[in-house]
Amino acid sequence: MSTLQSRRMMMAQGVTYKGMPLMITNVGDEPSTLVVEHIIEHELYYKESAKSFYKPFPDNNTLTIPSGETIHIFGYFIDVTQSNYAHFTFTGGQIHLEGSIRAIKAKASSENVYPKASYYSLFSQNLNIISTSRDLFKEFSGVSLQESMFAFIFDGCSNLETAPDLYGYNGLSYAFEGSFRNCKNLKKLPMIYCNSVRGGTFRYTFMGCSSMDMVDEVTVPSAGGTAHTYTSMFDGCKSLTKVPNFTDNGASYCNLMFRNCTNITDASNITLGVVGKAPTSVAYANMFAGCTNLVHAPKILITTLGDERPNYWGAFNGCFDGCIKLDKLEVNFKDFTPSNFNYWMRGVSPTGTFICPKELAEATDGYYDEEGNFVAGVGRRADTIPVGWEIQIID
């Protein structure tokens, strides 16, 4: 008997094959329809709460869920790609997802090797989904994620109130890109258990989650230093009151990361950059732009800004633009490299304290050389040190 036949027999007897099924509960007053599109090499089974056996999913990939009924869905996906991926569509009722999602392990000696698979956009734009289990992705704990593995999986689910915790080992590019983008009713920032990430892993992940705040102490994992790692990760999260802990390795992209997070007051729990390492182009551009209640900014550890080559262009452009309550900032670099600070302090408090090395103060306000001649600096403005701020020299 083949493995496939064995699994089908187990399903017919009401036995799940390794792991929890995906459970979908319709608690609405009207029937809800579940549609599955574009699945390559799949088996799907379902079990109604009043039944004891699993049944094959209908041939037309459409299942009507009676009001108040609980449906258990077990999915088997192989070689699912971005161009041909599974997608669940619901109409009517309210849906709660429980249990966990999984992929079938590849034939390899290592137990944490999965085939190239993607749950890209799996539940996107479903306005009926209200909640998920926190363990929805738990089976991917310690698993090396594929590129775009969970990208946009709940994108646009604007009624989603609870989200699963994020799991994975060495998340590849764009693994959680846009996963919860525009989930406007999401209340709580989920925990993140990825040990490390790469380019684009958290781009747009929680963008537009305007009701979300952080209850637990969440730590965002350090990145390997490739493009767009944290770009717009929390962009527009207007209810977020504090910044999650994370370690910036100086080679990541944090541009737009907290833009328009209007309730954040304190970001002093993080630092930006690494001593002796120049930031990449637009690394911190508009990172806190529009954070109108930000008072305590992160300390900037960067000591060098490289040169005017394209790799270093615009590193801090607009970083604190519009932070009207910001009145203190500490930096370690010694000059304002051209094209790196366009409008970076525009609209901050009219008075404040700027803590910096002596060389930066002289490069800004000017100084007298050994012969008594005055050497003009670049001057005070939104691209350098704000007019009206006091300069405090680092010892």
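Residues numbered from 1 in each chain as written. Predicted model: local features only at pLDDT ≥ 70, side-chain atom pairs only at ≥ 80, totals over all residues. Heavy atoms only, no water.

1. Description of the pattern of salt bridges
Thinking step 1. Enumeration over the complete set of coordinates arrives at 10 salt bridges.
Thinking step 2. A salt bridge links Asp321 to Arg346; the nearest nitrogen and oxygen atoms lie 2.7 Å apart. Of the two residues, Asp321 sits in the loop between β15 (299-300) and β16 (328-330) while Arg346 sits in the loop between β16 and β17 (352-356), which places them 25 residues apart along the sequence.
Thinking step 3. A relative accessible area of 18% places Asp321 in the buried class.
Thinking step 4. Here Glu359 makes a salt bridge to Lys334, at a shortest N to O gap of 4.0 Å. Of this pair, Glu359 sits in helix α2 (residues 358-365) while Lys334 sits in the loop between β16 and β17, placing them 25 residues apart in sequence. (Salt bridge = Lys/Arg side-chain N within 4 Å of Asp/Glu carboxyl O. Helix = DSSP H or I, 4+ residues; strand = E, 2+ residues; numbered from the N terminus. Buried < 20%, exposed > 50% of the residue type's maximum accessible area, 1.4 Å probe, protein only.)

2. Quick word on the pairing of β17
Within a regular strand, the side chains alternate between the two sheet faces.
Thinking step 1. With five of its five residues buried, β17 lies for the most part within the structure.
Thinking step 2. Both faces of β17 are covered, namely the face carrying Gly352, Phe354 and Cys356 and the face carrying Thr353 and Ile355.
Thinking step 3. In the sheet, β16 pairs with β17 via three bridges, with the strands oriented parallel. For Lys328, the partnering residue across the bridge sits in β17 and is Thr353. (Pairing = 2+ DSSP bridges.)

3. Focus on the nonpolar core
Thinking step 1. Counting residues in each nonpolar core, the largest one holds 82 residues, and the members touching the most others are Phe154, Phe234, Phe288, Phe320 and Trp344.
Thinking step 2. Those elements giving two or more residues to this core turn out to be β8 (95-99), β10 (166-168), β11 (192-194), β17 and α2. (Core = buried A, V, L, I, M, F, W, Y, C linked by side-chain atoms within 4.5 Å.)

4. Notes on α2
Thinking step 1. For α2, every residue scored as buried is listed here: Leu360, Ala361 and Thr364. Around the axis of α2, the buried residues are gathered within 100° of arc, so they sit on the same side.
Thinking step 2. In the core, the buried residues of α2 are packed alongside β17 and β20 (389-393).
Thinking step 3. Following α2 by one or two positions, Gly366 has its phi on the positive side, about 90°. (Arc of directions from axis to C-beta. Contact = heavy atoms within 4.5 Å.)

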